[in-house]
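Below, each chain spelled out in residue letters.
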Amino acid sequence: ILNVEQSPQSLHVQEGDSTNFTCSFPSSNFYALHWYRWETAKSPEALFVMTLNGDEKKKGRISATLNTKEGYSYLYIKGSQPEDSATYLCAFQGDSNYQLIWGAGTKLIIKP
Amino acid sequence: DAGVIQSPRHEVTEMGQEVTLRCKPISGHDYLFWYRQTMMRGLELLIYFNNNVPIDDSGMPEDRFSAKMPNASFSTLKIQPSEPRDSAVYFCAIGQGHTEAFFGQGTRLTVV
């Protein structure tokens with residue numbers, strides 16, 4: 001059974017502070033690791049698709065790292081803003097098919 | 001998300017009625033996915049198609065659920081008969097190979 005775990009489940013962060021959270025995934029048969037941002041009442045929006053061990057991607061104040069050997073990825077948000085409030089989902093993609101195995105998400109709430 | 005149009009956006013129906021959800025993806029993507037989102041289970045993959053052919057429907061909860069993709073620009077998810085526990089947000093998403101998935105805005109289904 002493929003298991004993708006995210007922690008913490010929820011997170012309250014003061015505006016202006018930086019934060020990070022984790023996605024753990026199987027270290028075998030890895031092809032890609034996806035990060036999505038999901039705001040309430042909207043559809044999930046892709047942030048990053050990462051395929052290489054040691055890869056680091058950045059989009060504005062958000063960045064992500066990938067360790068495929070140990071099976072984890074970190075998502076970092078620098079200088080949190082209220083608009084960063086959302087649920088952040090990661091999804092594992094194996095090399096045998098295209099199916100995405102989703103984590104339960106980290107719900108981030110930025111306090112003004 | 002303009003690449004995936006779902007209809008209706010909201011559907012309220014009585015238990016026992018047939019419900020048909022529609023998805024119109026833009027062309028150029030080989031994969032189409034149907035997901036269901038609930039508070040209890042998060043985002044679940046129901047079925048996905050590759051070049052209009054159903055590949056994996058193991059996520060379809062029961063025989064009451066069926067999905068079709070008659071051509072590259074149209075797919076339907078049908079529930080017959082519907083039950084209150086089917087109430088959820090249903091997302092259609094498209095992808096191309098091992099790249100990010102683009103989601104529609106979803107259909108919020110309420111079965112009373």
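In what follows, the structure referred to is the one given above.
Quick look at the structure, then. Everything numeric here is computed off the predicted structure, so don't read it as measured data.

**Here's the deal with the interface of chain B and chain A**
At step 1: At the junction of the two partners, chain B supplies 20 residues and chain A supplies 18 residues.
At step 2: Contact between chain B and chain A buries roughly 1500 Å² in total, counting both sides, with carbon and sulfur atoms accounting for 64%.
At step 3: For the pair chain B and chain A, the interface holds 0 salt bridges.
At step 4: At the junction of chain B with chain A, the criterion picks out 3 residue pairs in polar contact (both at pLDDT 80 or more).
At step 5: Of the residues belonging to the side of chain B that touches chain A, the class tally is 9 nonpolar, 8 polar and 3 charged.

**With respect to the state of the cysteines**
Residue and element names in this part refer to chain B.
At step 1: Within this structure, the stated rule accounts for 2 disulfides over all chains.
At step 2: Here C23 is linked by a disulfide to C92, with a sulfur-sulfur distance of 1.9 Å. Taking the torsion about the S-S bond as the criterion, the C23 to C92 disulfide, at about -65°, is left-handed. Taken as a pair, C23 in strand β3 (residues 19-25) and C92 in strand β9 (residues 88-95) lie far apart in primary sequence, 69 residues in all.
At step 3: On the accessibility criterion, C23 (0% relative accessible area) is buried.
At step 4: The buried category is assigned to C92, whose relative accessible area is 0%.

**As for the layout of surface pockets**
At step 1: Quantified by volume, the largest pocket comes out at close to 1100 Å³.
At step 2: What lines the largest pocket is a set of 38 residues, and nearest its centre among them are W38(A), T87(A), Q37(B), T38(B) and M39(B).
At step 3: Looking at the lining of the largest pocket, the elements with two or more residues in it are β9 (86-94), β10 (100-102) and β11 (106-111) of chain A together with β4 (31-38), β5 (42-50), β9 and β11 (107-111) of chain B.

**Some remarks on the environment of T99(B)**
At step 1: One can find T99(B) in the loop between β9 and β10 (102-103).
At step 2: T99(B) sits in the partly exposed class, given a relative accessible area of 37%.
At step 3: Taking the C-alpha atoms as reference points, T99(B) and V12(B), separated by 87 residues in sequence, lie 34 Å from one another.
At step 4: Those residues in contact with T99(B) that lie beyond four places of it in its chain are H34(A), V49(A) and Y98(A).

**As for the nonpolar core**
At step 1: Ranked by size, the top nonpolar core spans 24 residues in total, and within it W35(A), L75(A) and Y88(A) carry the most contacts.
At step 2: A per-element tally of this core places β9(A) first, with 4 residues.
At step 3: In this view, Y88(A) contacts Q6(A), F21(A), W35(A), Y36(A), R37(A), L47(A), L75(A), I77(A), G105(A), T106(A) and L108(A); residues no more than four positions away in its chain are not counted.
At step 4: F49(B), F65(B), A88(B) and I94(B) belong to the second largest nonpolar core, which has 21 residues in total.

**Thoughts on the sheet that holds β3(B)**
All names here are of chain B.
At step 1: Taken in spatial order, the 4 strands of this open sheet run β1-β3-β8-β7, and their pairing is antiparallel. Every interior strand has two partners, whereas the edge strands, β1 (4-7) and β7 (65-71), have only one. Neighbour-to-neighbour, the strand axes of the sheet open up by a mean angle of 15°, direction not taken into account.
At step 2: When β7 meets strand β8 (residues 74-79), the two strands line up antiparallel, connected through 5 bridges. Looking at β8, one finds that S66 is bridged to K78.

**Let's talk about the pairing of β1(B)**
All names here are of chain B.
At step 1: Side chains V4 and Q6 project from β1 onto a buried face, and the interleaved I5 and S7 project onto a face without burial.
At step 2: Bridge count between β1 and β3: 4 bridges; the pairing is antiparallel. Across the sheet, V4 pairs through a bridge with P25, a residue of β3.

Definitions and cut-offs
Residues numbered from 1 in each chain as written. Chains lettered and ligands numbered in written order. Predicted model: local features only at pLDDT ≥ 70, side-chain atom pairs only at ≥ 80, totals over all residues. Heavy atoms only, no water. Contact = heavy atoms within 4.5 Å. Buried area = accessible area lost by both parts, 1.4 Å probe. Salt bridge = Lys/Arg side-chain N within 4 Å of Asp/Glu carboxyl O. Polar contact = N/O pair within 3.5 Å; in protein donor to acceptor, adjacent residues only side chain to side chain. Nonpolar A, V, L, I, M, F, W, Y, C, P; charged D, E, K, R; others polar. Disulfide = S-S within 2.5 Å. Helix = DSSP H or I, 4+ residues; strand = E, 2+ residues; numbered from the N terminus. Buried < 20%, exposed > 50% of the residue type's maximum accessible area, 1.4 Å probe, protein only. 1 Å grid on protein atoms, 1.4 Å probe; cavity = no way out; pocket = protein on both sides within 12 Å on 5 of 7 lines; lining within 4 Å. Points joined across faces, edges and corners; volume = space filled by probe spheres on them. Core = buried A, V, L, I, M, F, W, Y, C linked by side-chain atoms within 4.5 Å. Pairing = 2+ DSSP bridges. Axes fitted to C-alpha atoms, helices over the stretch in contact; angles between N-to-C directions.

Spatial relationships are all this shows, so hold off on functional conclusions.
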